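# Survey of secondary and tertiary structure
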Amino acid sequence: MKVYTIWEDPFKGRAFSEAQMNVIYDSMIEKAEYPTFEGWLWDMLRSGVFDVKCGNQEADQGFKKRIK
């Protein structure tokens with residue numbers, strides 16, 4: 001399983017599954033700047049805002065399904 005660690009606020013140091021990253025995208029990201037999840041994710045990985053690991057690292061269990 002891929003797990004993404006975010007290195008900027010408001011989620012600095014927390015790890016998320018790809019499904020959880022999709023919730024972040026849907027809830028918080030300006031769609032005019034990043035019209036697709038894949039484009040946003042690639043840009044964040046390329047710029048170092050996110051880090052991705054594969055294996056048995058756990059995603060954040062306290063993450064809510066929707067961000068208010």
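Just so we're clear, the structure is a prediction, and the values are computed from it rather than from any experiment. (Residues numbered from 1 in each chain as written. Predicted model: local features only at pLDDT ≥ 70, side-chain atom pairs only at ≥ 80, totals over all residues. Heavy atoms only, no water.)

### What about the nonpolar core?
To be explicit about the condition: Nonpolar cores were defined as sets of buried Ala, Val, Leu, Ile, Met, Phe, Trp, Tyr and Cys residues, with membership established by side-chain atoms within 4.5 Å. When a residue's accessible area, from a 1.4 Å probe over protein chains only, is under 20% of the maximum for its type it is buried; when over 50% it is exposed; and in between it is partly exposed. The helix count covers DSSP runs of H or I at least four residues long, the strand count covers runs of E at least two residues long, and both are numbered beginning at the N terminus.
Formed by 15 residues in total, the largest nonpolar core has its most connected members in Ile6, Met21, Ile24, Trp40, Leu41 and Phe50. Where this core is concerned, the elements lending two or more residues are β1 (2–6), α1 (18–28) and α2 (37–47).

### Some details on unusual backbone geometry
Geometrically, the link from Asp9 to Pro10 is a cis peptide bond, its omega value of 10 degrees lying close to zero. Within the element layout of this structure, Pro10 appears in the loop between β1 and β2 (15–17).

### Brief notes about the confidence of the model for the protein
What counts is decided by this rule: The quantity known as pLDDT measures the predictor's confidence residue by residue, on a range of 0 to 100.
The predicted model of the protein has a mean per-residue pLDDT of 86, with 79% of residues at 70 or higher. Ranking the helices and strands of the protein by mean pLDDT puts α2 first, with 96, and strand β3 (residues 50–54) last, with 88.

### Describing the pattern of salt bridges
The line we're drawing: One side-chain nitrogen of Lys or Arg within 4 Å of one carboxyl oxygen of Asp or Glu is enough to make a salt bridge.
Considering all chains together, one arrives at 2 salt bridges under this definition. Put simply, Lys53 and Asp51 hold a salt bridge, and the shortest N to O gap is 2.9 Å. For Asp51, a relative accessible area of 27% puts it in the partly exposed group.

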